[in-house]
Amino acid sequence: GGSARAFASGAIDPLARNIGISAHIDSGKTTLTERILFYTGRIHEIHEVRGKDGVGAKMDSMELEREKGITIQSAATYCKWKDSNVNIIDTPGHVDFTIEVERALRVLDGAILVLCSVGGVQSQSITVDRQMRRYGVPRLCFVNKCDRTGADPWRVLEQVRSKLKLNAAAVHVPIGLEDKHDGVVDLVRNEAVTFSGPNGSDIKIGPVPESLAPLVKRKRKELIETVAEVDETLGEIFLMGDEPSVEGLKGAIRRATVAKTFAPLFMGSAFKNRGVQLLLDGVVDYLPAPHEVDNVALDLDKEEAPVVLKTDPKAPLVGLAFKLEEGRFGQLTYLRIYQGTIAKGATIVNTSTGKKIKVPRLVRMHSEEMEDVNEAKAGEIVALFGVDCKSGDTFAEPGTNVAMTSMRVPEPVMSLAVAPKSRAESANFSKALSRFQREDPTFKVRLDEESGQTIISGMGELHLDIYVERMRREYKCEVDVGEPRVNYRECITAKASFDYLHKKQSGGSGQYGRVVGYVEPLSEEELKALNASSSSGNESDKTNNIVFENGIIGNAISPGYILACDKGFKEAAQTGGLIGHPVEGMRVVLTDGASHAVDSSEMAFKLAALSAFRQVYDKAKPKILEPVMQVEITVPSEFQGTVIGNVNRRKGTIQDSVAEGDDVIITCVVPLKNMFGYSTELRSMTQGKGEFTMEYFQHQPVSQDVQAELCAEYGKTRKAAAA
């Protein structure tokens, strides 16, 4: 396609389009993409999503995606429609993968929001729409599955207006619905388009059928009115009472769509091959070219001041690595170029690390296959090989120090303990984890110091399951998945005194040490002060707020041994007497003691302190503390009652609930162990429209019955371990 370009080689292709197709799960998005690839001549036969024929849809190139019939990674594909070069980014439609959707939207210039003619505007459509708004993406709506029983595109249009608050109007009227769906009437050109032939590629254009004439007339008037409200040129023609020309109407729809003040609604059925070609025309007619969209970068030399990028091939290069994939030849980096030109062999800088690299090889992607290219201009999407970077890094020409806005990364909300089943697989296990972390910023891995387990955390249960599954598939690494774990602590609630003598005579020098004193809980003010001072220091010297004081007057214990006592008490506090978790917030005061001229040693005092702590611990009325989370839940207001009731059942305390638009934001505090499985339950309670975030708040005492239960459990495991 490079030679047949009629326009000057230096200019940006005015017909280029970067679009995303995003939608609710199961509204037929991947099928639509598949058809688009078929009509643009990229693939020569059509396959369905759930790979019954063993091939699966072209865009779902991971084994796992074919099996589950859902799209996880946004594959970027290049295709040509008439004279336009179109890059399509297929985005996942499931809440757990929203980071993939956000990443894709960052890169697009326009999007197609696919809606199901039966399901209408579903929860994920609302989430996706919210994200499109945040990144300012102009959109077309496509009502898919008009061939299904119960199809009602007009009801969907109403929902788009009421739920998504979009200024929308139909540009099509369907010719027949459900099994009689043959095609659509194009309201802009005022003509009927029907599709026939085995793959719907024979298009017949004719006059509007008599039976539909009144409806078509009404809907066309509605379309012109809706656009006239937001477009001045068309508004003037409309006020004069003149009939706008086809070109005039098309121009107005395009201006309004690019300005994000209007969203045209297309109709059809991808599965039955109806209306897809017209949607492609719509992409070219109404969605913006790369140079019609403002892209803003942050100037790193000027404290991230915003800079508007020029879509000019001669300007300095700026590109964003928005996706990484581990291919057969090492890491593949998808790059969207916003400004300038990237050429094979040129030198570019990664602005987040400052590393310079040479461009080894540039390719254009088609889901899995690729074609080599020598250079790519602003507005194009290409992939690089063998470049080491993280997703979200910006590449620029040396001397240009800007970053495309840092993408918002939500905090992970759910953790699991994982371990490889056999020793032999541990190399693959760590390889897999480090790669997933590079590819997906919402996936975190850490080693838990207290339990020695590897903990993975992510955006939800499905998210983590898929990674465990991918380890099994791609790295042949069987993984043991633990129960989601909670880290308890212990504390004391009363003052208690100790007097302990440790002595041992066994020929030669024995051991002798006596410690006398008391333990008491720290007050809240002291704890706050301690936390403030220790959080500024490094983490490792934090011994859970155990304060040791030497209150001995005179030299009952020689000063050299005091340190040993300190060590002994702090070591003892690492494992509490109730359930073996660390003890926190305690002061130990030494008031007296005795040492022996010959038999005392540091070891003797350390052991004396250890035993004194064990002896006094039960007298100090110990309690178990559990981590409590601050949870923020966003749900449509009609579900407020159900959700609050559920929080109360989970022993949570509601702090606040504020209405914001149609949504309610509920803030509450809930024990972490009662939050497991919450994301799934919230989704089913709110038809998938609820979102929640949670972060650690503090440790709070558990109730008496829970404490008894935990202690009994701990006793059992101790016995089992001893046996």
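Residues numbered from 1 in each chain as written. Predicted model: local features only at pLDDT ≥ 70, side-chain atom pairs only at ≥ 80, totals over all residues. Heavy atoms only, no water.

1. A closer look at the overall build of the chain
Rules: Each helix is a run of DSSP H or I of at least 4 residues and each strand a run of E of at least 2, with the numbering of both proceeding from the N terminus. When a residue's accessible area, from a 1.4 Å probe over protein chains only, is under 20% of the maximum for its type it is buried; when over 50% it is exposed; and in between it is partly exposed. The contact rule is simple, with two residues in contact once any of their heavy atoms fall within 4.5 Å. Per-residue and other accessible areas were derived by the Shrake-Rupley procedure at a 1.4 Å probe size, with only the shown protein chains allowed to occlude residues.
Scanning the chain for helices and strands turns up 17 helices and 37 strands. Classification of the 723 residues of the chain by burial places 53% in the buried group. Residue pairs at least 24 apart in sequence account for 71% of intrachain contacts in the chain once pairs closer than 6 positions are excluded. Roughly 32,300 Å² of accessible area belongs to the chain as shown, and the carbon and sulfur atoms make up 51% of that amount.

2. Quick notes on the pairing of strand β27 (residues 454-458)
So the rule is basically this: Strand pairing is assigned whenever DSSP identifies at least 2 bridges connecting the two strands.
Burial analysis of β27 places 5 of its 5 residues in the buried class, which makes it a mostly covered element. Residues of β27 alternate between two faces, with T454, I456 and G458 on one and I455 and S457 on the opposite face, all of them buried. Pairing of strand β26 (residues 444-447) with β27, which is carried by 4 bridges, proceeds in the antiparallel orientation. Among the inter-strand pairings, K444 is bridged to a residue of β27, identified as S457.

3. Considering the packing of aromatic side chains
To be explicit about the condition: We call Phe, Tyr and Trp rings a pair once their centres come within 6.5 Å, taking the six-membered ring for Trp, and we label the pair stacked below 30 degrees between planes, edge-to-face above 60, and tilted otherwise.
One pass over the structure, following the stated rule, counts 8 aromatic pairs. On the basis of an interplanar angle of 80° and a centroid distance of 6.1 Å, the ring pair of F436 and F443 is categorised as edge-to-face. You can call F443 buried: its relative accessible area is 1%. Note on F443 and Y467: the rings are 4.5 Å apart at their centroids and 40° apart in plane angle, and the pair reads as tilted.

4. Thoughts on helix α13 (residues 559-572)
In plain terms, the rule: A helix is expected to span 1.5 Å multiplied by its residue count minus one.
In this model α13 runs 21 Å from its N-terminal to its C-terminal C-alpha over 14 residues, within 8% of the 20 Å that 1.5 Å per residue would give. Turning to α13, its buried residues number three or more, namely Y561, I562, A564, C565, D566, G568, F569 and A572. Residues of α13 that are buried sit in contact with β30 (496-504), β31 (511-521), β32 (546-550), β33 (586-594) and α14 (602-617).

5. A look at the environment of G28
Note that G28 resides in the loop between β1 (17-23) and α1 (29-39). Sequence separation between G28 and S269 is 241 residues, and the spatial gap between their C-alpha atoms is 8.9 Å. Those residues in contact with G28 that lie beyond four places of it in its chain are N144 and K145.

6. Quick notes on the confidence of the model for the chain
As a reminder, the rule being used: The predictor attaches a confidence to each residue, called pLDDT, with possible values from 0 through 100.
Mean pLDDT over the chain stands at 77; residues scoring 70 or higher make up 82%. Least confident of the elements in the chain is helix α2 (residues 63-68), whose mean pLDDT is 50; most confident is helix α15 (residues 640-649), at 90. Considering only residues more than four positions removed or in separate chains, one finds that residues 50-55, a stretch of pLDDT under 50, has 10 contacts. For the stretch residues 535-542, pLDDT sits under 50, and the model shows 1 contact to residues farther than four places along the chain or on other chains.

7. Considering the sheet that holds strand β10 (residues 202-206)
Test applied: Here an axis means a line fitted to C-alpha atoms, over the contact stretch when the element is a helix, while the angle between two N-to-C directions is reported on a 0 to 180 degree scale.
Pairing in this open sheet of 4 strands is antiparallel, and the strands run β7-β8-β9-β10 from one edge to the other. The outermost strands of the open sheet, each flanked by one partner alone, are β7 (172-175) and β10. Mean inter-strand twist for the sheet, computed between neighbouring axes without regard to direction, equals 25°. Alignment of β7 against strand β8 (residues 183-186), held across 4 bridges, turns out to be antiparallel. By the bridge assignment for β8, H172 is matched with D186.

8. Quick look at the sheet that holds β33
The 4 strands are arranged β30-β31-β33-β32 in an open sheet whose pairing can be described as mixed. Edge positions in the open sheet fall to β30 and β32, since each of these has one partner strand only. With direction set aside, neighbouring strand axes in the sheet form an average angle of 25°. Pairing of β31 with β33, which is carried by 8 bridges, proceeds in the antiparallel orientation. Along β33, the bridge assignment pairs V515 with G593. On the sheet, α13 packs against β30, β31, β32 and β33 and is oriented at approximately 155° with respect to β32.

9. A look at the packing of helix α6 (residues 213-230) against helix α8 (residues 246-258)
Here is the rule we go by: Comment on the angle field: the value is read as roughly parallel under 35 degrees, roughly antiparallel over 145, roughly perpendicular from 65 to 115, and oblique elsewhere. Note: crossing handedness is left-handed where the near helix turns anticlockwise from the far helix by less than a right angle, and right-handed where it turns clockwise.
Where α6 contacts α8, the two axes come as close as 10 Å, and the packing angle between them is 50°. Of the possible angle classes, the one that applies to α6 and α8 is oblique. You can see that α6 and α8 cross each other, and the crossing is left-handed. Between α6 and α8, the contacting residues are R220, L223, I224, V227 and V230 on the first element and L249, A252, I253 and A256 on the second.

10. Let's talk about the side chain of Q707
Our working rule: In protein, a polar contact means a hydrogen-donor-capable atom and an acceptor-capable atom, both N or O and within 3.5 Å, with residues adjacent in sequence counting only if both atoms are side-chain atoms; elsewhere, any N or O pair within 3.5 Å suffices.
Following the sequence through the fold, Q707 ends up in helix α17 (residues 704-722). Within the local environment of Q707, its side chain forms a polar contact with the backbone oxygen of P622, the two atoms lying 3.3 Å apart. Excluding residues within four positions of it along the chain, Q707 makes contact with L578, P622, K623, I624 and V702.

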